[in-house]
Amino acid sequence: MEPMTGIIIVLAGVAACVMFGCWRIKSRHTRRRELMAAPFPDEWQEICRRTVGLYNRLPNDLQKQLHGLVNVFLDEKRFYGCKGLEITDEIRVTIAAQACMLLLNRPTGFFRRLKTIYVYPQTYVAKETIRDGIIEIEGHSVRLGESWQRGPVVLAWDSVRGGARNIEDGANVVLHEFAHQLDQEDGEADGAPVLDGRSGYAAWSRVLGGEYKELCDKAKRGRYSDINAYGATHPAEFFAVTTEAFFEKPKQMQRKHPELYEQLKNYYKLDPAAWPEK
Ligand SMILES: [Zn+2]
C-alpha cells in the first residue's frame with residue numbers, strides 16, 4: 001500500500017470515529033431532551049405521592065421538572081435486585097425521585113459514572129477490610145447503602161422506604177448515597193463536588209471546612225450537635241449528611257448554620273426552607 005493511501009485510510013477512520021462519537025452524544029442529548037418533556041405516567045406519580053414525602057413538599061414547577069429527570073434516570077440506569085428482591089416500579093420510582101431531587105434546577109450529567117443500582121431487601125451485612133498502619137482487620141459491617149467511586153450505588157430497600165416516608169428526621173439514605181455520587185464526579189471523594197470557579201471552592205472550603213472541624217471537636221468531646229455525628233468521620237460523609245439535613249431539616253439548618261445553608265443552597269440551586277408546608 002502506498003504510504004499516502006495508508007494515511008488517507010487512517011484519517012478517514014479517525015473522522016468516522018469522531019463523527020460516530022458526536023452522533024452518539026447528539027442522540028443521547030436528543031433522547032434526554034425528549035424524555036424530559038415526555039409525559040410522566042400516572043402510576044409513577046401515584047408512587048411518588050404515596051412513598052416520597054419530599055415530593056409532596058416540592059412546589060409544582062419543581063415537581064414537573066422532577067418528572068422529566070426521573071424519566072431520563074429510569075431510562076439510563078439499571079436496577080438489580082439482590083437476595084431475591086424483585087425490582088418493581090415502586091422501588092425504581094422511589095429511588096429515582098429522591099436521587100433526582102439533587103439534580104433539579106441545574107445542568108446535569110445524570111450521575112454519569114453510575115450505571116447500576118443494586119437493591120437489597122433489607123439492611124445488609126458487608127465484608128470490609130480496615131487498614132490501620134500495617135495491620136489489616138477483616139470485619140463485617142451493617143450497611144444501609146453504599147456508593148462506589150467508579151461503580152454502583154447499593155441500597156437497602158427497607159432503609160430507602162423508611163427514609164423516603166420520614167422527611168423530618170434528617171436521615172435519607174438515597175440523598176446520602178447520591179450526594180456521594182456528586183462528590184465523586186471530579187474523581188475525588190473529598191466533600192467538595194464540582195463547583196463554580198475558584199471563588200466557589202474557596203467559600204466552600206472555608207464554610208464546610210469550619211463546620212466540619214466544629215463537628216469533629218464536638219464528636220471528640222462527646223457533645224451533641226444537630227448535625228449527624230457520622231459527618232465527623234470524613235469530609236465526604238460531612239457533605240452527605242449535611243445534604244440530608246439540607247432537604248429534610250432546612251429551616252433548622254438555615255437558623256443554626258446560615259452560611260452552611262447558603263453554600264448548599266447555591267450548590268443545589270434550591271431553597272427548601274422556603275418551600276410551603278403541604
Ligand atoms: Zn456515606
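Heads up: the structure comes first, above all this text.
Residues numbered from 1 in each chain as written. Predicted model: local features only at pLDDT ≥ 70, side-chain atom pairs only at ≥ 80, totals over all residues. Heavy atoms only, no water.

**So, the side chain of Thr116**
(1) Moving on: Looking at the element boundaries, Thr116 is found in strand E2 (residues 116-120).
(2) Moving on: Within the local environment of Thr116, its side chain forms a polar contact with the side chain of Arg78, the two groups lying 3.1 Å apart.
(3) Moving on: Not counting chain neighbours up to four residues away, the residues in contact with Thr116 comprise Arg78, Tyr80, Pro152 and Val153. (Helix = DSSP H or I, 4+ residues; strand = E, 2+ residues; numbered from the N terminus. Polar contact = N/O pair within 3.5 Å; in protein donor to acceptor, adjacent residues only side chain to side chain. Contact = heavy atoms within 4.5 Å.)

**What about the nonpolar core?**
Here is a general trend for soluble globular proteins: nonpolar side chains tend to be buried in one another's company.
(1) Moving on: Counting residues in each nonpolar core, the largest one holds 71 residues, and the members touching the most others are Phe73, Phe178, Phe247 and Tyr268.
(2) Moving on: For this core, the element with the most residues is helix H5 (residues 89-101), which contributes 8 residues.
(3) Moving on: Taken domain by domain, this core gets at least three of its residues from each of domain 1 (30-169) and domain 2 (190-278).
(4) Moving on: Excluding its chain neighbours within four sequence positions, the residues that come into contact with Tyr268 are Leu102, Leu104, Arg106, Ala179, Leu182, Phe239, Thr243, Phe246 and Phe247. (Core = buried A, V, L, I, M, F, W, Y, C linked by side-chain atoms within 4.5 Å. Buried < 20%, exposed > 50% of the residue type's maximum accessible area, 1.4 Å probe, protein only. Domains from an automatic or database assignment.)

**Points about the pairing of strand E1 (residues 78-81)**
(1) Moving on: Alignment of E1 against E2, held across 4 bridges, turns out to be parallel. Within the sheet, the bridge partner assigned to Gly81 lies in E2 and is Val119. (Pairing = 2+ DSSP bridges.)

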